[in-house]
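# Working through the structure, step by step
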Amino acid sequence: MSKTSVKKLYEQDFYLWVEDTVNKLKARDNENLDWENLIEEVESLGKSQRKAVRGFLVRLLEHLLKRCYVPMSDCYRGWEIEIRNFRQRLQIELEDSPSLKGFVLEILDKSYQMALDNVRDGYPDVYFSDVFPFPQDVDILLNQKFWEE
């Protein structure tokens, strides 16, 4: 397959392009690989995983804030379930890519600000701390029941 037709394949049938690329990688056929699109796709894998981690972290922080600060006992169970779900999703991502633990710490402040903006919109009469109220430790954040303290 010519380089032009490989690039066309990428545009016309992505799944077929993936199969073709995998076969070429297995055969060590470096000469006929669509390097430009392959590099782009591998880079996007890392970006999508980081995006997922950021999304799960913001949602986790939203629910932690609600559970710890919003005095609505009829909602506690639902928020605790959501906390567990988002913690599990984050743990799965971090098990697959432990190096993302550093990324979590890197984005913690910005993610907290996003979560804070979201919960303040939903609960304008509730006080939420401007300062991150939880330990800046990923393992503690993913396991501790702060509302029981």
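The structure displayed is predicted, hence computed values, not measured ones. (Residues numbered from 1 in each chain as written. Predicted model: local features only at pLDDT ≥ 70, side-chain atom pairs only at ≥ 80, totals over all residues. Heavy atoms only, no water.)

## Brief notes about the packing of aromatic side chains
- Evaluation of the coordinates by the stated rule reveals 10 aromatic pairs.
- Pairing F14 with W17 gives two aromatic rings, centres 5.6 Å apart and planes at 25 degrees, and the pair type is stacked. Here F14 and its partner W17 are both found in helix α2 (residues 14-26), three residues apart, which amounts to about one turn of the helix.
- Judged by relative accessible area, which is 39%, F14 ranks as partly exposed.
- Positioned above the aromatic ring of Y76 is the side chain of R67, whose terminal nitrogen or guanidinium carbon lies 3.7 Å from the ring centre. (Phe/Tyr/Trp six-rings, centres within 6.5 Å; stacked < 30°, edge-to-face > 60°. Helix = DSSP H or I, 4+ residues; strand = E, 2+ residues; numbered from the N terminus. Buried < 20%, exposed > 50% of the residue type's maximum accessible area, 1.4 Å probe, protein only. Lys NZ or Arg CZ within 6 Å of the ring centre and 35° of its normal.)

## Some words on the pattern of salt bridges
- Under the defined criterion, the tally for this structure stands at five salt bridges.
- Of the charged contacts, one joins D20 and K24 as a salt bridge, the two residues approaching to 2.8 Å between their closest N and O atoms. One end of the pair, D20, and the other, K24, are both in helix α2, four residues apart, so they sit about a helical turn from each other. Grouping residues by exposure puts D20 and K24 together as buried.
- Between E80 and R67 there is a salt bridge whose closest N-O contact spans 2.7 Å. You can see E80 sitting in helix α4 (residues 73-96) and its partner R67 sitting in helix α3 (residues 35-69), a full 13 residues away along the chain.
- Overall, E80 belongs to the partly exposed group, its relative accessible area being 22%. (Salt bridge = Lys/Arg side-chain N within 4 Å of Asp/Glu carboxyl O.)

## Topic: the environment of S129
- Inspection of the secondary structure assignment puts S129 in the loop between α5 (100-122) and α6 (138-141).
- Each C-alpha atom of the pair S129 and S99 lies 29 Å from the other, and the pair is 30 residues apart in sequence.
- A polar side-chain atom of S129 sits 2.8 Å from the main-chain carbonyl oxygen of V131. (Polar contact = N/O pair within 3.5 Å; in protein donor to acceptor, adjacent residues only side chain to side chain.)

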